Structure formats: structure tokens, C-alpha cells
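Working through the structure, step by step
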Amino acid sequence: MKAIFNFLNKYLLPPLNKLANTKVINGIMDASLAAVPFTIVASIFLILNNLPQILPFAAPFLKHTLLKFSGFYMLGNTMALGSIALYYSVSLGYYYVEQYRKAGEEQLNAFTGALLSLFAFLLTIPTISWKNGVAVGSDQVVGAHNYSVGGVAMVNGWLSRFGGVGIFIAIITGIIAVQLYRLCVNKNVTIKMPAGVPEGVSRSFASLIPSILVAVVMIGIDIILGYFHTDLHQLLSAPFSFVKDLTGSWLGMLVILLLIHLLWAVGVHGTAIIKNSFVNPILLVTLTENINGQHNIFAGDFINMWVFIGGAGGTLGLVLLMLTRSKSAQLKTLGKTAILPAIFNINEPVIFGAPIVYNPYLIIPFIINPMVLASVAYLAIKLHWVGYVNAAIAWILPVGVGAFIGTSGNFMALVIALVNLVLSIVIYYPFFKMYDQKLYQDELHNNVEGQS
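The name an unreviewed UniProt entry gives the protein is Permease IIC component, with Bombilactobacillus folatiphilus as the organism. According to the UniProt record, the Subcellular location (unreviewed entry) comment for the protein is "Cell membrane". Entered under Function (unreviewed entry) in the UniProt record, the comment concerning the protein runs "The phosphoenolpyruvate-dependent sugar phosphotransferase system (PTS), a major carbohydrate active -transport system, catalyzes the phosphorylation of incoming sugar substrates concomitant with their translocation across the cell membrane."

What follows is the structure, encoded as C-alpha cells:
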């Protein structure tokens, strides 16, 4: 076990720690968290629409009351989740600039970064085609059909690009826009207004040249890709689909969970580094696809619903053992302290209080347990025992509640969550027993020495 910890500290921790501390990763992480409320809002309206399936006895009543207004309240779902890439774009531009401001580049303005990021993303939406050797801006994506909403002409193909599938494009264009903005500001290629001019006016003129540069670069990219009969969205669709399929497979899911918990094993917040930074954008895309009728197993809040029961490592089972089966005063006291946070999936008191970090007794079940729980949930969905994840949830929801809501009222989802809680107790029990016995013997020994 000591050799394993040494290996992790030497080979895995340094590069991942370095990556996690980069400005771009922190910007993406903050943008991901900023988008969470919109996914939950969208899910609330979706659940309202699914109440007849959740409460079948009330279906006739709901059909003639609530569902009559579905066309109105489902706008909340459409514009929250259907425009999620826009929120990502704005958030990334803002928080990415904030990372540089914290590092000393205080002349940058985060709100300007947000607007430039959004501008760059919007410039990728239409396609540019070549006709007779001339680049022509197209108001229609290939294969799309124009239609009108409230008298405003829309393009069907464009709408999908504002949703989950556009998130990764928003990340790329946001990075480009912020770096072009920094280039202009750091090289003093901006319009500076004389002293006494209102701050808002000075800021708007200061962003003029960066805006022009962003437009020129993004249009240039559109023209070049248009020459090859593609655009940024189409170009990245193939590699993104490959990554999504890879992470969405059973083996890919286990690798993700293994990396998360190996980092936790050496005291690093694996959830923040792996899940929040890299995996969440993919899970959000698969969630939007599920809402639109697809069947991705590893989607949305799958991890929070069936794996992180009590927090990373599924430690609610361990806390229950501490609370009910401990002989040692240390674990019994910790169980009483940690039970309430654990119910709401907060487990730092256990990870650092037991501790689990660098603890050869508890680190093995801490790594094995989430992979077993994820496999059970994956298999249950694969066999159609449980419905697909099609709604976002708050990660603090107690065991079973999040699974029920996240599948729009699928009762078996709740059952599998409770089964997983029982499994986690079984998996932790022999290791907990050994560790508890060791602590109990140590306490007895210390008491004898204290009396002598």
C-alpha cells in the first residue's frame, strides 16, 4: 500500500495537480458550476410535464389542468437547456478573465471577456460556403429548414448548436476570444479615452479593437473551413462523439471513477479535478440528448444519483457503520458528527476525519465501492429495469430522492439507489471492522498506560 501511495504521489498527482491549477481548467470548472442552475430549472419544468407518469392516479386531472399550459411553461425548459451553450460561453469568458485578473492582469475586464466569448461563439453558428471561388455567408445550415417563432425567422439547424452539443465549441471559442483580448490589452492595442470620461464609455471603446480582432479571426476560421465544406461544429463532431462514446462506455465510466478516487486517496479533490472540469460538460450533453429522446446511460447526474451516496466513495454506508457498529470512541464520535452532512452527500468530515486519505484500511473499499455501485446502476439501466436519466438534480439530495427525480419519477431508480446503499455497507464492513478494532485496541492500550 505504501508503494501504491508513493507511485500516485510521484507519477499521477503532479501532472494532474498542475493541470487542475491551470487558468483554463479553473475557468471551465467555474463556468460548469455557473450553468448548473439552468439545468435544474429546465428539469423542474420537464418534471411538471412528466407528472402523469410519476402520479398515474392523477393523470386525468393533470391532463385537463396543468398540462393545458405545457406550451407555456415548457419554454422554461427549452430556453434554459436549449440555450445552455450560450450560458457556458458567457460564463467561461467571465471566469477565464477573472483567473488572469487574480494573477495580476488587473487591466482586463471580466465582463468584456464574457461578451467577447459570446461574440466569438455566435460567429461559429452560421456556415460559410464557397460559390464560384467566392466565400458567401449562408443564413441556412445544410439540411436545415427555416421556420418562424413569433414572427422571427429561425433556422432549425442553428437551434441545436445553442444546446448541449455547442458546449465544447463555446469552450474553444471562449478560450480564443480571451487570449485575443489579452493580446490586445497587454500589447496596448486598445483605444484609450482621456481622463474624466465615464468608465462605461472608456470600457466600451477599449473593447472595440479586441472585438474587431475576434471577428476577423473567427470569420477567417469560418471561411477556411467553408472552403473544405465544413465548419467548426461539424469538424469537432467526430472527435467529440468518439470521446462521448468512450466516456459513456462501462469501462470508460470505471476509469473515470478510478481516477477520481485515486486522487482523493492522496488528499486531492478528485471530484473537482476530473468530474467538474472534464466529465460534467460531456454528461450535460448526454443529458440534453436524453431529454430529446436518446438513450445514454452515463448522463446527467448519474454519479450523484447512484454512486456518490454520501459523497465521493459512497461513504454514507461507512458513516452508518461508524454510527451503529463502532467500538472505538474515535469512529463512534465521528459517525455522530458526520451523519447529517453525509445524508446530503457532504463527506469531507469522513475523508479527512477518519481519515480515508492515506489510510490503507479504508482506501481499498473507498476505491472499489463506487465502481461496484456504478456497475449496478449501469447494468440496471442497460437491462431496462431503470429509466434513463433525463432531468438534472441538486447534488445534495438524499439517497433515492435524487434518483427518483432525475429519472422523472422512475420508482426502480429509487430502489436501485437504496440497493446501492446496502451494497456500500457490505463492501465497507470488513475493512471498517479491521480499522475499528485497531483503533479500539490502541485506545485500550493508551488507557492502560494512562492509568499506570
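Still more ground to cover, so stick around.
This paragraph deals with the overall build of the protein. What the protein contains, in helices and strands, is 21 helices and four strands. Counting only residues that meet the buried cut, the protein has 47% of its 452 residues in that class. Sequence separation of at least 24 residues holds for 73% of the intrachain contacts in the protein that already meet a minimum separation of 6. Accessible surface computed for the protein: about 21300 Å², of which carbon and sulfur atoms make up 69%.

Another point: empty space enclosed by the protein. By the definition in use, this model includes one cavity of 30 Å³ or more. Looking at the largest cavity, its volume works out to about 60 Å³. Lining the largest cavity are 13 residues, and of these Asn304, Met305, Leu397, Pro398 and Val399 lie nearest its centre. For the lining of the largest cavity, the elements supplying multiple residues, two or more each, are helix 15 (302–306) and helix 20 (401–406).

This part covers the side chain of His233. With respect to the helices and strands, His233 occurs in helix 12 (residues 232–248). There is a polar contact of 3.0 Å between the side chain of His233 and the side chain of Thr124. In this view, His233 contacts Phe121, Thr124, Ile125, Arg161 and Ile169; residues no more than four positions away in its chain are not counted.

This brings us to the packing of aromatic side chains. How two aromatic rings sit relative to each other is given by the distance of their centres and the angle of their planes. By the definition in use, this model includes nine aromatic pairs. Grouped by ring-pair contacts, the aromatic residues Phe298, Phe302 and Trp306 constitute a single cluster. Against the face of Tyr100 rests Arg182, its NZ or CZ located 3.9 Å from the ring centre.

On to a nonpolar patch on the surface, then. On the surface, a nonpolar cluster with roughly 530 Å² of combined accessible area is contributed by Leu340, Ile343, Phe344, Ile346, Trp395 and Ile396. Among the structural elements, Phe344 can be located in the loop between helix 17 (329–343) and helix 18 (348–353).

Another point: the side chain of His261. By the element assignment, His261 lies in helix 13 (residues 250–265). For His261, a relative accessible area of 0% translates into the label buried.

The topology assignment puts Asp222 in helix 11 (residues 208–227). It is 8.7 Å that separates the C-alpha atoms of Asp222 and Pro126, two residues lying 96 residues apart in sequence. Beyond its immediate sequence surroundings of up to four residues, Asp222 is in contact with Leu123, Thr124 and Ile128.

Looking now at the packing of helix 9 (residues 167–186) against helix 12. In the contact formed by helix 9 and helix 12, the axes pass within 10 Å of each other and the chain directions differ by 115°. For the pair helix 9 and helix 12, the crossing hand works out as right-handed. Taken together, the residues of helix 12 that come into contact with helix 9 (itself represented by Phe168, Ile169, Ile172 and Thr173) are Leu232, His233, Leu236 and Phe240. Tallied by class, the residues present in the contact of helix 9 with helix 12 amount to six nonpolar, two polar and no charged.

Scanning the model with the defined rule gives four salt bridges in all. Put simply, Arg101 and Glu98 hold a salt bridge, and the shortest N to O gap is 3.2 Å. Remark: Glu98 and Arg101 occur in helix 6 (residues 84–102); sequence separation between them is three residues, near one turn of the helix. Arg101 gets classed as partly exposed once you look at its relative accessible area, which sits at 30%. Between Arg161 and Asp231 there is a salt bridge; the shortest N-O distance is 2.9 Å. Within this pair, whereas Arg161 is found in helix 8 (residues 156–162), its partner Asp231 is found in the loop between helix 11 and helix 12, the two being separated by 70 residues in sequence.

An α-helical turn contains 3.6 residues, so any two residues separated by three or four positions project in the same direction. The end-to-end C-alpha distance of helix 9 is 28 Å, a good match for the 28 Å that 20 residues give at a rise of 1.5 Å each. Note on helix 9: the residue one or two positions beyond its end, Asn188, has a positive phi of about 60°.

This brings us to the nonpolar core. Note on soluble globular proteins: their nonpolar side chains tend to be buried together. One finds Tyr88, Phe302, Trp306 and Ile356 to be the most contacted residues of the largest nonpolar core, which totals 104 residues. Filtering out sequence-adjacent residues up to four positions away, Phe302 remains in contact with Met253, Ile297, Val307, Ala374, Ala377, Tyr378, Ile381 and Val389.

Our next topic: helix 13. Along its 16 residues, helix 13 runs 22 Å from first to last C-alpha, staying within 8% of the 22 Å computed at 1.5 Å per residue. Turning to helix 13, its buried residues number three or more, namely Gly252, Met253, Leu254, Ile256, Leu257, Ile260, His261, Leu262, Leu263, Trp264 and Ala265. Where helix 13 terminates, the next one or two residues include Gly267, which has phi positive at roughly 85°.

It is worth spelling out the environment of Val36 at this point. Position of Val36 relative to the elements: it lies in helix 2 (residues 23–49). For the pair Val36 and Ile393, spaced 357 residues apart in sequence, the C-alpha to C-alpha distance is 9.0 Å.

For the protein, per-residue confidence averages 82 on the pLDDT scale, and residues scoring 70 or more make up 87% of the total. In the predicted structure, residues 139–156 sits below a pLDDT of 50 and forms 32 contacts with residues beyond four places in sequence or in another chain.

Another point: unusual backbone geometry. Residue Pro355 is bonded to the preceding Ala354 through a cis peptide linkage, with omega at -10°. Tracing the backbone through its elements, the reader meets Pro355 in the loop between helix 18 and helix 19 (363–382). The phi dihedral of Asn188 falls on the positive side, at around 60°, and the residue is not glycine. In this fold, Asn188 is placed in the loop between helix 9 and helix 10 (199–206). Notably, Asn345 is not glycine yet its phi reads approximately 65°, a positive angle. Using a relative accessible area of 9% as the deciding quantity, one classes Asn345 as buried.

Rules used in this analysis
Residues numbered from 1 in each chain as written. Predicted model: local features only at pLDDT ≥ 70, side-chain atom pairs only at ≥ 80, totals over all residues. Heavy atoms only, no water. UniProt positions renumbered as here; feature names shortened; annotations may be inferred. Helix = DSSP H or I, 4+ residues; strand = E, 2+ residues; numbered from the N terminus. Buried < 20%, exposed > 50% of the residue type's maximum accessible area, 1.4 Å probe, protein only. Contact = heavy atoms within 4.5 Å. Areas by Shrake-Rupley, 256 points an atom, 1.4 Å probe, with all protein chains shown as cover. 1 Å grid on protein atoms, 1.4 Å probe; cavity = no way out; pocket = protein on both sides within 12 Å on 5 of 7 lines; lining within 4 Å. Points joined across faces, edges and corners; volume = space filled by probe spheres on them. Polar contact = N/O pair within 3.5 Å; in protein donor to acceptor, adjacent residues only side chain to side chain. Phe/Tyr/Trp six-rings, centres within 6.5 Å; stacked < 30°, edge-to-face > 60°. Lys NZ or Arg CZ within 6 Å of the ring centre and 35° of its normal. Patch = residues over 30% accessible without salt bridge, like charges linked within 9 Å, V, L, I, M, F, W, Y side chains within 5 Å. Salt bridge = Lys/Arg side-chain N within 4 Å of Asp/Glu carboxyl O. Axes fitted to C-alpha atoms, helices over the stretch in contact; angles between N-to-C directions. Left-handed = near helix turned anticlockwise from the far one by under 90°. Nonpolar A, V, L, I, M, F, W, Y, C, P; charged D, E, K, R; others polar. Expected span 1.5 Å × (residues − 1). Core = buried A, V, L, I, M, F, W, Y, C linked by side-chain atoms within 4.5 Å. pLDDT = per-residue confidence, 0-100.

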